[in-house]
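# Tertiary structure, described
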Amino acid sequence: MVFDFNSDLAQEYGIYKNEKAFEIAEYMSSVNISAGFHAGDPLSIKKALEFAKDRNLAIGAHIGYPDISGFGYRNMEMTEDEIEAMVIYQLGAISSFAGTLNAEIEHVRCHGAMYEKLNNDISFARTVAAAVKKFNPWLNLIVGNPEIKAEIEKEVKINCVYEVLFNETMSVRQLREMDVKPDTVHFTTLENAKRAYDVIKPSPVNYNRVKEQI
């Protein structure tokens, strides 16, 4: 069984850099590029996109709450209109920038408090998914809760990919033996990325080559 490996890029802003993220991304098949709300400035986004394009990695938009000072870890109460606008704005930023490199975004991953709410609040998840679909119905939404994933796909009619976090106690064997098999595996440390890559070489799964399908 082959899995997609994903990690985050452009998780930086101004003088605050994160070069370690590029080392992790060398072992990935997909990357999620911060869209500017919780992290990511124009130069870091450009650098991340060029990195992904050069390595033929699937490109995703990493979206979060407008919370630079809190790195997107603080929950925010927002109306459905505000959520929709927030999602579409960030997708537009990464998609437009990718277009200058003749590249397309293929998936969406939420960050921090927004990721937690997506995986625990079906109403919020439905609103986010509907906004993603309005922007581009071919995009894949990364979800870390299989029940939420099933509900979104049924109600919103958008493709979702089920994600698990690969931590220090996990092995590739455990991934293969899960009752609900993940489509993609998220990494946050270089050590875990290397350990998994030594066992299995990742490949993007369920990801659309968007331009060819529209």
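In this report, the structure presented in the accompanying data block is examined. (Residues numbered from 1 in each chain as written. Predicted model: local features only at pLDDT ≥ 70, side-chain atom pairs only at ≥ 80, totals over all residues. Heavy atoms only, no water.)

### Considering the overall build of the protein
Put simply, the test is: Numbered from the N terminus, helices here are DSSP runs of H or I no shorter than four residues, and strands are runs of E no shorter than two. Put simply, the radius of gyration uses C-alpha atoms, and a globule should come to 2.2 Å times the residue count raised to 0.38. Categorising residues by exposure relies on relative accessible area from a 1.4 Å probe, with only protein chains included: less than 20% of the type maximum marks a residue as buried, more than 50% marks it as exposed, and the intermediate range marks it as partly exposed. For this analysis, residues touch if any pair of their heavy atoms sits within 4.5 Å. Only the protein chains shown count as covering a residue, and every accessible area follows the Shrake-Rupley method with a 1.4 Å probe. For this count, His and the chain ends are skipped, Lys and Arg are scored as positive, and Asp and Glu as negative. In plain terms, the charge of a residue is placed at NZ if it is Lys, CZ if Arg, CG if Asp and CD if Glu.
When helices and strands are counted, the protein shows 9 helices and 7 strands. Over its C-alpha atoms the protein spans a radius of gyration of 16 Å, differing by no more than 12% from the 17 Å that the globule rule assigns to 214 residues. With the C-alpha coordinates aligned to their principal axes, the bounding extent of the protein is approximately 45 × 40 × 35 Å. Relative to its full complement of 214 residues, the protein shows a buried share of 53%. In the protein, the share of contacts with a sequence separation of at least 24, taken over all contacts with a separation of at least 6, comes to 71%. For the protein, the exposed surface amounts to about 10000 Å²; the carbon and sulfur share of it is 52%. Distance between charge centres in the protein, computed from 23 positive and 31 negative side chains, equals 4 Å.

### Examining unusual backbone geometry
Of note, the phi angle at Ala10 is positive, near 60 degrees, even though the residue is not glycine. Inspection of the secondary structure puts Ala10 in the loop between strand S1 (4-9) and helix H1 (20-25). Taking the relative accessible area as the measure of exposure, Ala10 reaches 3% and is therefore buried.

### Quick look at helix H6 (residues 146-156)
Heads up, the rule is: By construction, the arc corresponds to the directions joining the helix axis to the C-beta atoms.
Along H6, the residues classified as buried are Ile148, Lys149, Ile152 and Val156. Buried residues along H6 cover an arc of 105 degrees about the axis, so they all sit on one side. H6 presents Glu147 and Lys154 as exposed residues on the side facing more than 90 degrees away from its buried surface. Next to the buried residues of H6 lie helix H4 (112-118), helix H5 (122-135), strand S5 (140-143) and strand S6 (160-165).

### Looking at the layout of surface pockets
To keep things clear, this is the line we draw: Computed over the protein atoms alone on a 1 Å grid, cavities are sets of points where a 1.4 Å probe fits but cannot get out and pockets are open sets with protein on both sides within 12 Å along at least five of seven lines; a residue lines them when it has an atom within 4 Å of a point. Grid points are joined across faces, edges and corners, and a volume is the space filled by probe spheres set on the points. Gly falls in the polar group here, along with every residue not listed as nonpolar (Ala, Val, Leu, Ile, Met, Phe, Trp, Tyr, Cys, Pro) or charged (Asp, Glu, Lys, Arg).
If you add up the space inside the largest pocket, you get close to 390 Å³. Around the largest pocket, the lining comprises 22 residues; the ones closest to its centre are Asp8, Arg109, His186, Phe187 and Thr188. Secondary structure elements with two or more residues in the lining of the largest pocket: S1, H1, H4 and S6. Of the residues in the lining of the largest pocket, the class split is 8 nonpolar, 9 polar and 5 charged.

### Quick notes on the packing of H5 against H6
To describe two helices that pack against each other, one gives the angle between their axes and the distance between the axes. Note the threshold: A fitted line through C-alpha atoms serves as each axis, taken over the contacting stretch for helices, and the angle formed by two N-to-C directions is quoted from 0 to 180°. Angular relationships are summarised with four words: roughly parallel below 35 degrees, roughly antiparallel beyond 145, roughly perpendicular across 65 to 115, and oblique for the angles in between. A crossing counts as left-handed when the near helix is turned anticlockwise from the far one by less than a right angle, and as right-handed when that turn is clockwise.
For the pair H5 and H6, the least separation of the axes is 10 Å and the interaxial angle reads 50 degrees. The angle between H5 and H6 places the two elements in the oblique class. As for the relative orientation of H5 and H6, their crossing is right-handed in sense. Across the interface between the two elements, Ile122, Ala125, Arg126, Ala129, Ala130 and Lys133 of H5 pack against Ile148, Glu151, Ile152, Glu155 and Val156 of H6. Class assignment for the residues of the contact of H5 with H6 results in 7 nonpolar, no polar and 4 charged.

### Observations regarding the packing of helix H2 (residues 42-54) against helix H3 (residues 80-99)
Running from N to C, H2 and H3 point in directions that differ by 55 degrees, and their axes come no closer than 10 Å. Regarding the angle of H2 to H3, the classification is oblique. The hand of the H2/H3 crossing is right-handed. In contact with Pro42, Ile45, Lys46 and Leu49 of H2, H3 contributes Ile94, Phe97 and Ala98. A breakdown of the residues in the contact of H2 with H3 according to their chemical character gives 6 nonpolar, no polar and 1 charged.

### Considerations on the packing of aromatic side chains
Put simply, the rule reads: The rule is short: rings of Phe, Tyr and Trp, with Trp giving its six-membered ring, pair when the centres are within 6.5 Å, and they are stacked under 30 degrees, edge-to-face over 60, tilted in between. Look at NZ for Lys and CZ for Arg. If either is within 6 Å of the ring centre and within 35 degrees of the ring normal, a charge sits over the ring.
Summed over all chains, the structure comprises 6 aromatic pairs. Consider the rings of Phe22 and Phe51, whose centres lie 5.1 Å apart with planes at 65 degrees: the pair is edge-to-face. Here Phe51 lies in helix H2 and Phe22 lies in helix H1, a separation of 29 residues in the sequence. Phe51 carries the same exposure label as Phe22, and that label is buried. Here the aromatic cluster, defined as three or more aromatic residues joined through ring pairs, consists of Phe5, Phe166 and Phe187. The side chain of Arg55 reaches across the aromatic face of Phe51, ending 3.8 Å from its centre. One residue, Lys201, lies across the ring of Tyr197, its end atom 4.7 Å from the ring centre.

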